[in-house]
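Residue-level structure breakdown
As a plain string of letters, each chain reads:
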Amino acid sequence: MRGKAWMLTAVALVGLGLAQGTLTLVGAGATFPYPLVAKYADEYARLTGGKVRINYQSIGSGGGIRQFLEQTVHFGASDAPLDDQRLKEVRDRFKTNALNIGYALGAVVPTYNLPGVKEPLRFTGPVLADIYLGKIKTWNDPALQELNPGVKLPPLPITVVHRSDGSGTSYVFTDYLSKVSPEWAQKVGRGTSLQWPVGVGGKGNEGVAGVVKQTPGAIGYVELIYAKQNNLGYGAVRNKAGRFVLADLASVKAAADVPLPGDMRVSLTDTAAPDGYPIASFTYLLLYENLSVNKAVKSEAEARALVEFVKWILTDGQKYNEPLDYGALGKVAQQRALALLSRVTYEGKPIGKEIVGR
C-alpha cells in the first residue's frame, strides 16, 4: 500500500510541477485533533519526499474559523462545523460554499486530578453541568458520592477548568451539556466561546490538561488523547441508555452510527446508542468549494496539492487515526467526505472531481 500510495503521489507531484521544488500548505484551528494532524503532516512529508509540507497551527477552532474567513490559510480546522449563519456569510462574501469535511472521530472526556483515587469516576451529564455551573463545589458532594459509592471522595474543593480560547472542544462539551441540562441550556448554552459561570481558563486542550495536572482537585474537559498523554484520570459518563461508558474507539464509533447528512454537519452528543460514548464528535477540515476565491491559494498547483492532501487523509491517511485513539471514518462517512471534496474547483476547473475520481 505504501508503494502504491507513493507512486500515485509521485505522479501527482509531476503533474503539479513540484518535482524540483517544494510547497507548504498552511492550516490552522482545532487543538482537539492536533496530535493526529501532526502525524499526518510527518507522514505526508515523508511520502512526498519533502516536496509537500504541512504547517498546521494548533490555535483552537475559533481561531481556525477566523483565519479561514480571513483567508490567511489554505484550510481551517474545527470540531464545530460552520453553522448556517457562517455558511451564509461565506456565500454572501465570497460567492462560493464552505465545505465541512469530517476526517476523524474523537471524544471529549471529563478529566480530573484527585490524588489517591485510582479507578475511573462516574459522572452524569446533569452532574457535570452542575459542577460547571458552580453548584457542586467539593468532590465529596452527595451527588458525586452517590454515583461513586465505592470510592472515598476527599472533601477537596473542585477547581473548574475550561478553555480560555475559542474552542471546538468547548462546543462539543457544551452541546452535550445543553442537551442534558435545561438550566445549562438556558443560562450558558453551546458555543466555541462562552461566558463561563465559574472556573479558570486554559489555552488549548494542552492548556486545560496542564492546569488540571498541576492542580489537585481540578476538573477539566479535553480530547481523550490529551488525558492519556498527561496520565490524567478521566471519567465514565452515563449515556442515554443509562450505561456508564468510558471513551474508547468502540464507544466513539458506536456514537457515530447515525444518519449522516450530505454536508456532514451532525451532532453526535447524547447518543441513543446503548454502547455509545455520549460526548463524541467528528472533527472537520474547512475548505472553500471554489478555491480561486481563497487569497491564500495562489496557484492551481497549490489548489491541486491541497486536494491531493485531503484525499490522502480521507483514504490512506485513515490508518493513522486509531493508533492515536481517534476513530477512523466508516464507509458512509468516507463516501460523504470524498463527495464533498469532489466538488472543489479552481478557476472553473473541476480539480476535486478529477483527483477524487483518479
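Let me begin by describing the structure that accompanies this report. (Residues numbered from 1 in each chain as written. Predicted model: local features only at pLDDT ≥ 70, side-chain atom pairs only at ≥ 80, totals over all residues. Heavy atoms only, no water.)

Moving on to the pairing of strand β2 (residues 52-58). Both strand β1 (residues 23-29) and β2 contribute to a ladder of seven bridges, which runs parallel. Among the inter-strand pairings, Gly29 is bridged to a residue of β2, identified as Ser58. Considered for its hand, the β-α-β crossover made up of β1, helix α2 (residues 34-47) and β2 is right-handed. (Pairing = 2+ DSSP bridges. Helix = DSSP H or I, 4+ residues; strand = E, 2+ residues; numbered from the N terminus. Right-handed = clockwise from strand over helix to strand, strands pointing away.)

This next bit is on the side chain of Ser181. Assignment of secondary structure puts Ser181 in the loop between α7 (168-180) and α8 (182-187). Looking at Ser181, its side chain comes within polar contact range of the main-chain nitrogen of Trp184, at 3.0 Å. (Polar contact = N/O pair within 3.5 Å; in protein donor to acceptor, adjacent residues only side chain to side chain.)

Attention now moves to the environment of Gly102. Checked against the element boundaries, Gly102 lands in strand β4 (residues 98-112). Through-space distance from the C-alpha of Gly102 to that of Val356 is 16 Å; in sequence the pair is 254 residues apart. Beyond its immediate sequence surroundings of up to four residues, Gly102 is in contact with Met264, Thr283, Tyr284, Leu314, Leu329 and Ala337. (Contact = heavy atoms within 4.5 Å.)

Moving on, we come to the pattern of salt bridges. All chains considered together, the criterion is met by 22 salt bridges. The residue Lys228 makes a salt bridge to Asp325 at a minimum N-O spacing of 3.2 Å. Of this pair, Lys228 sits in helix α10 (residues 224-229) while Asp325 sits in the loop between α12 (300-314) and α13 (331-341), placing them 97 residues apart in sequence. Note on Lys228: relative accessible area 37%, which makes it partly exposed. For Asp325, a relative accessible area of 23% puts it in the partly exposed group. One network of salt bridges, in which partners are shared, links Asp130, Lys135, Glu183 and Lys187. (Salt bridge = Lys/Arg side-chain N within 4 Å of Asp/Glu carboxyl O. Buried < 20%, exposed > 50% of the residue type's maximum accessible area, 1.4 Å probe, protein only.)

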